[in-house]
Amino acid sequence: DLLITSSFLILCIAISSLVGIGDGRNTFNVVDFGAIGDGKTDDSDAFAKAWTDFCSATGDSSTLEIPANKAFLLQSTTFRGPCKSNSVNIQVSGTIVAPDSKSWKQCGSQCWLSLYDVQGLSIDGSGTIDGNGRGWWNQAVYFHNCNNLQVKGITIVNSPKSHISINTCNGVSVSNIHIDSPEDSPNTDGIDISSSTQVNILDSSIKSGDDCVAINGGSSKINITGVACGPGHGISVGSLGLDGADDKVEEVHVRNCNFTGTQNGARIKTSPGGSGYARGISFEHITLIESKNPIIIDQHYCVGGGGCKGTSAVNVSEVTYSDVRGSSADEKAITFDCSEEGCFGIKMEQVSITSSVPGKETIAYCQNAHGTSSSTSPHVGCLTDVESQIAMVKCTRYKIAYENTDAISSKLKDGKSDY
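Cut-offs and rules
- Residues numbered from 1 in each chain as written.
- Predicted model: local features only at pLDDT ≥ 70, side-chain atom pairs only at ≥ 80, totals over all residues.
- Heavy atoms only, no water.
- 1 Å grid on protein atoms, 1.4 Å probe; cavity = no way out; pocket = protein on both sides within 12 Å on 5 of 7 lines; lining within 4 Å.
- Points joined across faces, edges and corners; volume = space filled by probe spheres on them.
- Helix = DSSP H or I, 4+ residues; strand = E, 2+ residues; numbered from the N terminus.
- Nonpolar A, V, L, I, M, F, W, Y, C, P; charged D, E, K, R; others polar.
- Core = buried A, V, L, I, M, F, W, Y, C linked by side-chain atoms within 4.5 Å.
- Buried < 20%, exposed > 50% of the residue type's maximum accessible area, 1.4 Å probe, protein only.
- Domains from an automatic or database assignment.
- UniProt positions renumbered as here; feature names shortened; annotations may be inferred.
- Contact = heavy atoms within 4.5 Å.
- Polar contact = N/O pair within 3.5 Å; in protein donor to acceptor, adjacent residues only side chain to side chain.
- Pairing = 2+ DSSP bridges.
- Axes fitted to C-alpha atoms, helices over the stretch in contact; angles between N-to-C directions.

A. Just the layout of surface pockets, in detail. Estimated volume of the largest pocket: approximately 460 Å³. Residue lining of the largest pocket: 23 residues in total, with Asp189, Asp192, Asn216, Ser239 and Lys269 positioned closest to the centre. Those elements that place two or more of their residues in the lining of the largest pocket are strand 17 (191-194), strand 21 (235-240) and strand 23 (266-270). In terms of residue class, the lining of the largest pocket is made up of five nonpolar, ten polar and eight charged.

Dropping the structure here:
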């Protein structure tokens, strides 16, 4: 009887450890559902079975474990919610790898890994997601309608297209992640954001063949802080208005970010023929190291010769550049190429961009841009120089005061008692 009782207790403890009995937690390890993890065997079905049980579990929280020291080969897979637990967590300790182009199964418009309608989702761990993208260019990890989403600590490499795509999500935190794809990989944006609000991207490093972060139409309240970008095409608002689209973006704030060897730095790009607005945008405390186009607004952005039809433009306004310093790999350090309708409310303060080539000067190109600048180098001709304006006002006051002094002296000599 004692032996039977002891065996029963051991069994109960094992089960409790596996599924979290008594504390409202459920843990599901993909290996328990048949995943091999040798990097060669297709583990897609095992992941699908694990997801079904994981997402169906009730309780305070559920965790899907991808264990360390294994590489799980997955075909294009969609994970759908909603899930029943109050919070759901994917713990990535091992590696998830995509097949090469020869064995990739047919997929829809969003590939490789897609998550739909999963609320309260967190993804973390020290593991790696490897898109094996050199031979097949398509999207890596796609989140749609995943509110209160957290992604932390993971590494994503060799994406076949965008590394992380965030679409129609509200309340997103991406922090301490590492993205790494070759500089010459096509369209491998680090993080794409569209139709989403309250998105925070924090303390991460992004190396890619395209934008480190791209903020697209329908997005607002985007905060990007502590991102090291490079190589890549910078942090971009847009492109907006492509093929006549009506795009709206506002309240985008980029702070304490570094751009090293990037094709662009702080960029806003819109296409002719579009409509909508990009407003309330700031780039503050930015460091540049040999970046091309360190500061650029391009309202004549075309893709493959298309997207440049029509004369209307997305309205660009209320853009601030503050404490932006470093070096430019090109002579042109600042470009404001605005449409005929103009960009308004541009404010530059404490901006200093020198050439990375010793002894060479930097210049600014400015067309149809309106606003102010102070302590800005190179000089931006079409913005009002606040310091020069202040100096002119002082000069005018001194001149008036001097002229009045002469008049008063003359009156006194004439014996006028009212002076």
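B. Spotlight on the nonpolar core. If you look at the biggest cluster of nonpolar residues, it comprises 89 residues, and the most contacted ones within it are Phe143, Tyr321 and Phe336. Among the elements that make up this core, the one with the highest residue count is helix 2 (residues 44-56) (six residues). Two domains share this core, each providing at least three of its residues, namely domain 1 (22-210) and domain 2 (212-410).

C. Examining the UniProt feature "active site" (unreviewed entry) in the protein more closely. The feature "active site" (unreviewed entry), as given by UniProt, occupies His233 in the numbering adopted here. Summarising the element assignment, His233 is placed in the loop between strand 20 (219-229) and strand 21. Setting aside residues up to four positions removed in sequence, His233 forms contacts with Gly209, Asp210, Asp211, Cys212, Gln263, Asn264 and Arg267. Of the polar contacts made by the side chain of His233, one reaches the backbone oxygen of Gly209; its length is 3.3 Å.

D. Layout of unusual backbone geometry. The omega angle of the peptide bond from Gly230 to Pro231 is 0°, so this bond is cis rather than trans. Tracing the backbone shows Pro231 in the loop between strand 20 and strand 21. The amide bond that connects Ser377 to the next residue, Pro378, takes the cis arrangement and shows omega of 5°. You will see that Asp117, though not glycine, has its phi angle at about 55°, which is positive. Within the secondary structure layout, Asp117 lies in the loop between strand 8 (113-116) and strand 9 (121-124). Of note in this structure, Ser195 is not a glycine but carries a positive phi near 50°. Looking at the element boundaries, Ser195 is found in the loop between strand 17 and strand 18 (197-207).

E. Inspection of the sheet that holds strand 19 (residues 213-215) at higher detail. Strands sit in the order 5-8-11-14-17-19-21-23-25-27-29 across an open sheet of eleven strands; the sheet is parallel. Lying at the two open borders of the sheet, with one neighbouring strand each, are strand 5 (77-80) and strand 29 (363-367). Sheet twist, expressed as the mean angle between neighbouring strand axes with direction ignored, is 15°. Bridge count between strand 17 and strand 19: three bridges; the pairing is parallel. Looking at the pairing, Ile191 lines up with Val213 of strand 19. Across the sheet, helix 2 lies against strand 5 and strand 8, angled at about 5° from strand 5, the strand it touches most.

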